[in-house]
Amino acid sequence: METIFETILRYDTLIFRAINNLSNPVLDVLALFVSLPGEAGAFWISLALIVLVFGKSEYRIYGLLALVAMFVSDLVIAHTIRVIHFRPRPFIGLEDVHQLGPAWRGSSFPAAHADSSFACAFVLGKGLERAKVFLYTFATLSSLSRIYLGMHYPSDVIAGALVGLFSGFLIIRLYGYYIARRNR
């Protein structure tokens, strides 16, 4: 009899295959277009730095908080999970995977693109309300592209997004506590 964990992994692989098998030249270009800027968090770090350095004075703090949230998300929480639980990437663990872009060999779980994207989107979205839809849309498309490109299972992306959202929430909450204490 199949355990709940085995059932989840089976569906995870089925959904991965359904998305990854959509491969065609147009989707290849689109997936790479939304995925490549997120390599090593480059797009999100750049965006946070732009807000920090060039943003209006009341928004600059959100650039700094976004950088802190990405650090906490990827280099503290997600890295710890990856050390504890190594999961081979789909293009390594499965046959006939359509893999494009840089072929990272590190743990697939949780997805780094997702954790840093959603940490930054959460924090910048709190400060830059008008940009919130763009931020979350780009974070979602970038994260989903990782499945299409053969780099992550759906559960990797979901876990990464949750880690990122939690980190963003935590940093915003801690900043709120700091402001409240300072204003007493």
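Reading the values: rules and limits
- The residue count restarts for each chain, going from 1 along the sequence in the order it is written.
- Residues qualify for local features only when their pLDDT is at least 70, as the model is predicted, and side-chain atom pairs are given and counted only at 80 or more; totals for whole chains, interfaces and linings, by contrast, use all residues.
- To get the side-chain values, take all heavy atoms of the structure and skip hydrogens and water.
- Helix numbers and strand numbers start at the N terminus; a helix is a DSSP run of H or I with at least 4 residues, a strand a run of E with at least 2.
- One less than the residue count of a helix, multiplied by 1.5 Å, gives the span that helix is expected to have.
- Partly exposed residues are those whose accessible area sits between 20% and 50% of the maximum for their type, while under 20% is buried and over 50% is exposed, using a 1.4 Å probe and protein chains only.
- Residues are treated as being in contact if the distance between any of their heavy atoms lies within 4.5 Å.
- Only the contacting stretch of a helix is used when fitting its axis, a line to C-alpha atoms as for every element, and angles between N-to-C directions run 0 to 180 degrees.
- Comment on the angle field: the value is read as roughly parallel under 35 degrees, roughly antiparallel over 145, roughly perpendicular from 65 to 115, and oblique elsewhere.
- Two helices cross in a left-handed way if the nearer one is turned anticlockwise from the farther one by less than a right angle. They cross in a right-handed way if the turn is clockwise.
- All amino acids are sorted into three groups, where Ala, Val, Leu, Ile, Met, Phe, Trp, Tyr, Cys and Pro are nonpolar, Asp, Glu, Lys and Arg are charged, and the leftover types, Gly among them, are polar.
- A 3.5 Å cut-off defines polar contacts: any pair of N or O atoms within that distance qualifies, except that in protein one atom must be a possible hydrogen donor and the other a possible acceptor, and neighbouring residues in sequence count only when both atoms are side-chain atoms.
- Two aromatic rings from Phe, Tyr or Trp, using only the six-membered ring of Trp, form a pair when their centres are within 6.5 Å; if the ring planes differ by under 30 degrees the pair is stacked, by over 60 it is edge-to-face, and anything between is tilted.
- Charge-over-ring placement is defined geometrically: NZ (Lys) or CZ (Arg) within 6 Å of the ring centre, and within 35 degrees of the ring normal.
- The directions from the helix axis to the C-beta atoms form the arc being described.

*Asks:* Talk me through helix α6 (residues 112-127); I want residue IDs and the actual numbers.
*Replies:* Under the 1.5 Å per step criterion, the end-to-end length of α6 is 23 Å for 16 residues, consistent within 8% with the ideal 22 Å. Of all the 16 residues making up α6, 14 are buried; the element is thus mostly covered by neighbouring parts of the structure.

*Asks:* An account of the environment of P90 is needed here, citing residue identities and associated values.
*Replies:* Looking at where P90 falls in the secondary structure, it is placed in helix α5 (residues 90-93). Assessed through its relative accessible area of 0%, P90 is described here as buried. As a C-alpha pair, P90 and Y153 span 63 residues in sequence and 6.6 Å in three-dimensional space. Not counting chain neighbours up to four residues away, the residues in contact with P90 comprise F16, V97, S108, G150, M151, H152 and Y153.

*Asks:* Describe the packing of helix α3 (residues 42-54) against α6, listing the residues and the values that go with them.
*Replies:* The description of two helices packed together rests on the angle between their axes and the distance between the axes. Between α3 and α6, the shortest axis-to-axis distance is 10 Å and the interhelical angle comes to 20°. Considering their axes alone, α3 and α6 lie roughly parallel with respect to each other. Along this stretch, α3 crosses α6, giving a crossing that reads as left-handed. Taken together, the residues of α6 that come into contact with α3 (itself represented by W44, L47, A48 and V51) are S116, S117, C120, A121 and L124. Residue classes in the contact of α3 with α6 are distributed as seven nonpolar, two polar and no charged.

*Asks:* Describe the side chain of D74, listing the residues and the values that go with them.
*Replies:* Relative to the assigned elements, D74 resides in helix α4 (residues 57-84). Only 3.0 Å separates the side chain of D74 from the side chain of R82, close enough to count as a polar contact.

*Asks:* Before we move on, can you summarise the packing of aromatic side chains with the specific residues and values?
*Replies:* The full count for this structure, using the stated rule, is eight aromatic pairs. Ring geometry for F43 against W44: centres 5.0 Å apart, planes inclined by 90°, an arrangement best described as edge-to-face. Each member of the aromatic cluster is reached from another via a ring pair, and the members are F43, W44, F134 and F138. Above the plane of the ring of Y153 lies R87, whose end atom (NZ or CZ) is 3.9 Å from the centre.

*Asks:* Can you lay out α3 for me, pointing to particular residues and giving the numbers?
*Replies:* Spanning 13 residues, α3 covers 17 Å between terminal C-alpha atoms, matching the ideal 18 Å at 1.5 Å per step. Within α3, the full set of buried residues consists of W44, A48 and V51. Angularly, the buried residues of α3 cover 60° about the axis, an arc narrow enough to put them on a single face. For α3, the secondary structure elements touched by its buried residues are α4, α6 and α7 (132-148).

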